[in-house]
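Breakdown of the fold
What follows is the residue order along each chain.
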Amino acid sequence: MFKYYFKIFYKRNFPHSFNFSILFPLIGTTISTLSVVVIFCVMTSLENKIKNTIISTEGSATIRIKEPNKKTIHKELSEIQKYLTSIGIASQKIIDRPSIISYDNKAIFVNVIGLQDLSFLEQAFDLSIDSSKFEEGVLIGSKLNAKLGFPKPGTSLLLTSPLDSGLSISGKVLKVIDENFFFDNPASVKDFSGLYVYISYKNAKEIFPLSNPYIVINRELSKTDLFNIKNNVKNGDVKSWEKENPLFFSAIKLEKFLYTTFGFMILLIVSFNIFGLVNLIILRKKNQLSSLLYFGASKKQLESIFIVNILLLGFIGSIIGGIISIIILKSNILIHYSLIPSMIKKIDVYFPIIIMSVIFNIFILFLSTKISVKNNIKNIGVLRSNAIEA
């Protein structure tokens, strides 16, 4: 009997003719799983890369003195840093200030960041910076380097601060170091490579005497860490990087959701076509189904022919799609052929999305098949009547 069920579903009305239309659920679920897994993993890797870059350059959290006083601000920040060190959290003081960079009759508005620790910057942009050169130098991005006309390493640039200038202009001449950082992401709300420059904290204090320094924590913090810091740092305003960059955080999440949804839309299209596929099989197998009903087969048994086989095809398709997606991601084909943003050096495989995709595929196929068979219950009833009359 099982072999007969098998022939009803997989064979056309001709003895040796395979029913190729039933491959549609297999191909659909394969493509759906492949697109969902690849898109989700690429977008998540991109999100993590950007997040880690922001955390390494601007901190996962910032601590600013609520009512800064020029005479006491440095002492207050030092006390906060001592507390952070005592609980095992590394931090550094930062000065962040808008400025003007001038070279060869070109003047460009930039955002200058004065750093105490270079290691986080080197990690963020995969650089190796000579600390002795950085003391009297300036690190610029590749886009800004192009805007300035590609100044050679050792070339003098002038940094001036209109906000800190009084009777005389506050500024300093610094030399271009022999490193350029590159950061290119179309979804990013911050153009690091084109608008940001990095100098030493000592030079930043000299150029921006009226600015208020603050503390950044250059590693991701748990909610518990943030809660403890907020409770123990009474004179500081503690903000996580998500709150400092709300637009970016929302944009990257929305972008990942939209791209991943595309893969699920493929499966929804497949599920709609299941209606037509089930109707077609019932129409083609009218005589066989009549015979089954005549010999005592129930409607549930007829339903199981369609549900079990379509779910089997869907499961096989999902597994095939998952295996292909893992091969594509692990082999770095997308990186090798520059099909994704160049800033991504490695794509991480997130196995939970594969499991979720398989479950979603099976559920949608089951639902669409069940509804389709239910809508054709009248046709099945008519087949049984025809069988009895015959």
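Above: the structure in question.
Attention shifts here to the overall build of the protein. What the protein contains, in helices and strands, is 16 helices and 9 strands. Expressed as a percentage of the 390 residues in the protein, the buried residues total 47%. Summarising the internal contacts of the protein: among those between residues at least 6 apart in sequence, 78% fall at separations of at least 24. Carbon and sulfur atoms make up 62% of the accessible area of the protein, which totals about 20,200 Å².

The subject of this paragraph is the packing of aromatic side chains. Under the criterion given, the structure shown has 1 aromatic pair. With a centroid separation of 6.2 Å and 90 degrees between ring planes, the pair formed by phenylalanine 40 and tyrosine 350 is classed as edge-to-face. Of this pair, phenylalanine 40 sits in helix α2 (residues 23-58) while tyrosine 350 is found in the loop between α14 (333-336) and α15 (351-375), placing the two residues 310 residues apart along the sequence. Taking relative accessible area as the criterion, tyrosine 350 reaches 23% and is therefore assigned partly exposed. Over the aromatic face of tyrosine 214 sits the side chain of arginine 64, whose NZ or CZ is 3.8 Å from the ring centroid.

Attention now moves to the nonpolar core. The tendency in soluble globular proteins is for nonpolar side chains to be buried side by side. One finds Val42, Leu121, Ile129, Leu139, Tyr198, Leu329 and Ile347 to be the most contacted residues of the largest nonpolar core, which totals 40 residues. Contributions of two or more residues to this core are made by α2, β3 (106-115), α4 (119-125), β6 (171-181), β7 (196-200), β8 (214-217), α11 (246-284) and α15. Ile140, Leu144, Ile207 and Phe208 belong to the second largest nonpolar core, which has 19 residues in total.

It is worth spelling out the pattern of salt bridges at this point. Summed over all chains, the structure comprises 7 salt bridges. Residue glutamate 136 is joined to lysine 202 by a salt bridge in which the shortest nitrogen-to-oxygen separation is 3.5 Å. Here glutamate 136 is found in the loop between α5 (131-134) and β4 (137-141), whereas its partner lysine 202 is found in helix α8 (residues 201-207), with 66 residues between them in sequence. Note on lysine 202: relative accessible area 48%, which makes it partly exposed. A salt bridge links glutamate 206 to lysine 172; the shortest N-O distance between them is 3.2 Å. With glutamate 206 in helix α8 and lysine 172 in strand β6, this pair connects stretches of sequence that are 34 residues apart.

Glancing now at a positive patch on the surface. Together, Arg64, Lys230, Lys239 and Lys243 give the surface a local cluster of positive charge. Mapped onto the secondary structure, lysine 230 falls in helix α9 (residues 223-232). Look at lysine 230 and you get partly exposed, because its relative accessible area is 38%.

Bringing the pairing of strand β5 (residues 156-160) into the picture now. In the sheet, strand β2 (residues 92-103) pairs with β5 via 3 bridges, with the strands oriented antiparallel. Bridge pairing in β5 places isoleucine 101 opposite leucine 159. Note: β5 against β6, 5 bridges, orientation antiparallel. Paired with leucine 157 across the bridge in β6 is leucine 174.

Across its 32 residues, helix α13 (residues 299-330) extends 46 Å between first and last C-alpha, which sits within 8% of the 46 Å expected from 1.5 Å per residue. Two residues or fewer past α13, asparagine 332 is found with a positive phi of approximately 60 degrees.

Below, the discussion takes up the pairing of β8. Residue alternation in β8 divides its side chains into two sets, Tyr214 and Val216 and Ile215 and Ile217, and both sets are buried. Examined bridge by bridge, strand β1 (residues 61-65) and β8 share 3 bridges and lie antiparallel to one another. Paired with isoleucine 63 across the strands is isoleucine 215, a residue of β8. Pairing between β2 and β8: 3 bridges, direction antiparallel. Residue pairing in the sheet places glutamine 92 in a bridge with valine 216 of β8.

A surface patch of nonpolar side chains, about 650 Å² in accessible area, is lined by Leu312, Phe315, Ile316, Ile319, Ile320, Ile323, Ile324 and Ile327. Structurally, the position occupied by phenylalanine 315 is in helix α13. Look at phenylalanine 315 and you get partly exposed, because its relative accessible area is 42%.

A few words on unusual backbone geometry. We note that asparagine 105 has phi near 65 degrees; this positive angle belongs to a residue other than glycine. Within the element layout of this structure, asparagine 105 appears in the loop between β2 and β3. The phi angle at asparagine 332 is positive, at roughly 60 degrees, despite the residue not being glycine.

Another point: the side chain of serine 357. Structurally, serine 357 can be placed in helix α15. Take serine 357: its relative accessible area is 0%, and that puts it in the buried class. If we ignore the near neighbours within four places in the chain, the residues touching serine 357 are Thr33 and Val36.

Rules of the game
Within each chain, residues carry numbers counting from 1 in the order of the written sequence. Per-residue local features are limited, in this predicted model, to residues with pLDDT of at least 70; the limit for side-chain atom pairs, both in listing and counting, is 80 or more; totals at the level of whole chains, interfaces and linings are taken over all residues. To obtain the side-chain values, all non-hydrogen atoms of the structure were included, while hydrogens and water were left out. Segments assigned H or I by DSSP are reported as helices when at least four residues long, segments assigned E as strands when at least two residues long, and all are numbered from the N terminus. For each residue, the accessible area found with a 1.4 Å probe, counting protein chains only, is set against the maximum for its type, and the residue is called buried under 20%, exposed over 50%, and partly exposed in between. Should any heavy atoms of two residues lie within 4.5 Å, those residues are considered in contact. To be clear on the numbers: accessible area is Shrake-Rupley with a 1.4 Å probe, and residue cover counts the displayed protein chains and nothing else. Aromatic pairing here means that ring centres of Phe, Tyr or Trp (its six-membered ring) are within 6.5 Å. Orientation follows from the plane angle: under 30 degrees is stacked, over 60 is edge-to-face, and everything else is tilted. Should the NZ of a Lys or the CZ of an Arg lie within 6 Å of a ring centre and within 35 degrees of the ring normal, that charge is described as sitting over the ring. We call a set of buried residues a nonpolar core when its members are Ala, Val, Leu, Ile, Met, Phe, Trp, Tyr or Cys and they connect through side-chain atoms within 4.5 Å of each other. The working definition used for a salt bridge is a side-chain nitrogen of Lys or Arg within 4 Å of a carboxyl oxygen of Asp or Glu. Patch criteria: residues need more than 30% relative accessible area and no salt bridge. Like-charged residues are merged within 9 Å; nonpolar side chains of Val, Leu, Ile, Met, Phe, Trp and Tyr are merged within 5 Å. Under the counting rule used here, the positive set is Lys and Arg, the negative set is Asp and Glu, and His together with the chain ends is not counted. Note that the charge is assigned to NZ on lysines, CZ on arginines, CG on aspartates and CD on glutamates. Being paired, for any two strands, means DSSP has found at least two bridges between them. Here, expected helix span is obtained from the residue count minus one, scaled by 1.5 Å.

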